[in-house]
Amino acid sequence: MGNSVRHYDWCYVSGRVNILECSLLTQIFFEKLLSCDDFKDVLANMSNTTLKDYFTHVKHLYEYETLLDEYYYSRLYEIRSLSPDNAICDFFLMRNDIINLKNFLKSKTCGTSVDKYFRGTIDKNKYDNAWNGKTASLPELVNESISLFKRSMATVKKEELPFIIDLIIDGVYLKYIESICKRIEVEIVKRYMMAYQFFKGFEAIRRAVVLRFDMDILNKYYLERFDKKHVFRKLAKNTAWTSEKTFRDIMAETHCNASLQEIGAVIHTMLSNTSQNISFRYEVLTDDYLLDMIRPVKYTPFGPERVFGYLCGLTTEVFNLKLVLGGKVHKIGNNFLKERLRKAYV
C-alpha cells in the first residue's frame, strides 16, 4: 500500500468485494441461529447462505471448524490473488504466522506438540530454517523474534519459557504493526492498525498485571523495542496494579496521554459496561470498536480500504460462526454465547 499503488489499480478486486459483501451474514442471522435448539434448524438456516455448499448434512456441524477454515481461506486467498498489493491480506494472515511461530518455539524448547498449523504467509518448513540461522527470504518479524529468544534462553528458567516466548513475539509483532502504520497512506486503514496495536498492547499488559506477573520480565522481554515515551511503557511502569479495578482506573488515566482520540470512547465504554469477567468483555468491546471504525469504507467505491473492510467483516463473521456452531455442538448456553458475539459488518 505504498505510494506506487494507485487506487484505480484496486478497481477489479473492489468489484469482486462488492459482490462478496452482499453475502456476508447480518446480526439478525446470528440472533436467529442462536435461537435454534435443534441441529436440523441450524442446518436449515445455514442452507440459505453461501455456506450451504459446506454444510449439506447435520454431521457437518461437527466439522464446523475445518469447514469454516476452508470457507474463510478460500475467500481470503482469492482476494489476495486479485490484489495489486498483498499487504492488505497479509495483515490477517500474519496473525497466524505469530501463532505458528509461538507454537514452533515452544515445541523446540519445551517439548510441546504442535496440534495444528494455521495458514499464514510462511511455509511451516521455513521455521526450521530460521531456527538454524538460514534467514534468507524470511520476514524480519520471524528472524528478529527467534534471534531475541535465542539470546534470552540462557538466562530463562525452563518453566518460564512459554511466557517469555509469548512476550518476545508479541512485542516484536506489535512493533512491526507500528512500522507498517508508518508506510500506509490510506488514513482509515492506518488509524485502524494504530488502534489495533494499542488495544492488543493494552491486552497483554492487562493480562500481566492481573496475573501479578514480574514487571521486570515484562520490561525486558516485551517492552524492549518501544521507546521510553511510548504509552505501553507508561502503563507497565506502574507497579501498583494489584486488582482489575485498579488496572481499569489506570487505563483511563493513561489513555489521556495517548495519541488516538477515538480510543477514549471505547475505554470509557469499557469502564462503564465491563463486568467482573473483564477478559472477554475487553475483547468484545475492542473488536466491536475496530469494526465500527472501518465500517464506513463500505461506501468507498474502490480502493485498498474497501478490500480491507470486507476482510475485517469476513474475519468477524467466521469468528461468530465458530462461536455459535461450536456452542451448539458442545451444548453451551445461549446467554454465554450471545454476550461473546461480535457485531456483524453488514
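Keep in mind it's a predicted model, so treat the numbers as computed, not measured.

Any space left empty among the atoms is revealed by the rolling of a water-sized probe across them. If you add up the space inside the largest pocket, you get close to 1500 Å³. Arg95, Ile99, Lys200, Thr315 and Phe319 are the residues nearest the centre of the largest pocket, which is lined by 41 residues in total. Counting residues per element, the lining of the largest pocket draws most heavily on helix α15 (residues 304–329), which supplies 7 residues. Classifying every residue of the lining of the largest pocket by side-chain character gives 22 nonpolar, 4 polar and 15 charged. By volume, the second largest pocket amounts to about 400 Å³.

The subject of this paragraph is the packing of aromatic side chains. One pass over the structure, following the stated rule, counts 17 aromatic pairs. Ring geometry for Tyr72 and Tyr73: centres 5.0 Å apart, planes at 75°, overall edge-to-face. Look at Tyr73 and you get buried, because its relative accessible area is 7%. A ring pair is formed by Phe91 and Tyr196, whose centres lie 5.2 Å apart and whose planes are at 70°; its orientation type is edge-to-face. Remark: Tyr196 occurs in helix α9 (residues 187–210) and Phe91 occurs in helix α5 (residues 87–110); sequence separation between them is 105 residues. Just as Phe91 is buried, Tyr196 falls in that class too. Following the ring pairs from residue to residue traces out a cluster consisting of Phe91, Phe92, Tyr173, Tyr192, Tyr196 and Phe308. The lysine or arginine in question, Lys124, covers the ring of Tyr117, its NZ or CZ lying 6.0 Å from the ring centre. Sitting over the face of the ring of Phe336, Arg340 holds its NZ or CZ atom 3.5 Å from the ring centroid.

On to the packing of helix α4 (residues 64–82) against α5, then. One way to put it is that α4 packs onto α5 with a least axis distance of 9 Å and a crossing angle of 135°. Comparing their axes, α5 and α4 come out oblique. Of the two possible hands of crossing, α4 and α5 adopt the one that is left-handed. Residues Tyr72, Tyr73, Leu76, Tyr77, Ile79 and Arg80 of α4 lie in contact with α5, whose contacting residues are Cys89, Asp90, Phe92, Leu93 and Asn96. Class assignment for the residues of the contact of α4 with α5 results in 8 nonpolar, 1 polar and 2 charged.

For the rest of this paragraph, the subject is the nonpolar core. Phe55, Tyr192, Met193, Phe308 and Leu311 are the most contacted members of the largest nonpolar core, which has 105 residues in total. Ignoring any residue separated from it by four or fewer positions in sequence, one finds Met193 in contact with Phe91, Ile177, Ile180, Cys181, Ile184 and Phe308.

Relative to the elements of secondary structure, Thr112 occurs in the loop between α5 and α6 (126–131). On the basis of relative accessibility, which here comes to 39%, the residue Thr112 falls in the partly exposed class. Separated by 50 residues in sequence, Thr112 and Pro162 have C-alpha atoms that sit 9.9 Å apart. Residues within four places of Thr112 in sequence aside, it is in contact with Lys106 and Ser107. There is a polar contact of 3.2 Å between the side chain of Thr112 and the backbone oxygen of Lys106.

Another aspect to go through is α4. Over its 19 residues, α4 runs 27 Å from end to end, which matches the ideal 27 Å to within 8%, given 1.5 Å per residue. At its buried positions, α4 is contacted by α1 (11–21), α5 and α15.

So, about empty space enclosed by the protein. Enumeration over the complete set of coordinates arrives at 1 cavity of 30 Å³ or more. In this model, the largest cavity occupies a volume close to 30 Å³.

This part is about the pattern of salt bridges. In a structure, side chains of opposite charge can pair up when their charged atoms sit close to one another. By the definition in use, this model includes 17 salt bridges. Among the ionic pairs, Asp128 bridges to Lys108, the shortest N-O distance being 3.3 Å. Residue Asp128 is found in helix α6, and its partner Lys108 is found in helix α5; the two are separated by 20 residues along the sequence. Where Asp292 meets Arg295, a salt bridge forms, and the shortest distance between an N and an O atom there is 2.4 Å. Through salt bridges with shared partners, a single network forms among Glu65, Asp69, Lys116 and Lys322.

Cut-offs and rules
Residues numbered from 1 in each chain as written. Predicted model: local features only at pLDDT ≥ 70, side-chain atom pairs only at ≥ 80, totals over all residues. Heavy atoms only, no water. 1 Å grid on protein atoms, 1.4 Å probe; cavity = no way out; pocket = protein on both sides within 12 Å on 5 of 7 lines; lining within 4 Å. Points joined across faces, edges and corners; volume = space filled by probe spheres on them. Helix = DSSP H or I, 4+ residues; strand = E, 2+ residues; numbered from the N terminus. Nonpolar A, V, L, I, M, F, W, Y, C, P; charged D, E, K, R; others polar. Phe/Tyr/Trp six-rings, centres within 6.5 Å; stacked < 30°, edge-to-face > 60°. Buried < 20%, exposed > 50% of the residue type's maximum accessible area, 1.4 Å probe, protein only. Lys NZ or Arg CZ within 6 Å of the ring centre and 35° of its normal. Axes fitted to C-alpha atoms, helices over the stretch in contact; angles between N-to-C directions. Parallel < 35°, antiparallel > 145°, perpendicular 65-115°, else oblique. Left-handed = near helix turned anticlockwise from the far one by under 90°. Contact = heavy atoms within 4.5 Å. Core = buried A, V, L, I, M, F, W, Y, C linked by side-chain atoms within 4.5 Å. Polar contact = N/O pair within 3.5 Å; in protein donor to acceptor, adjacent residues only side chain to side chain. Expected span 1.5 Å × (residues − 1). Salt bridge = Lys/Arg side-chain N within 4 Å of Asp/Glu carboxyl O.

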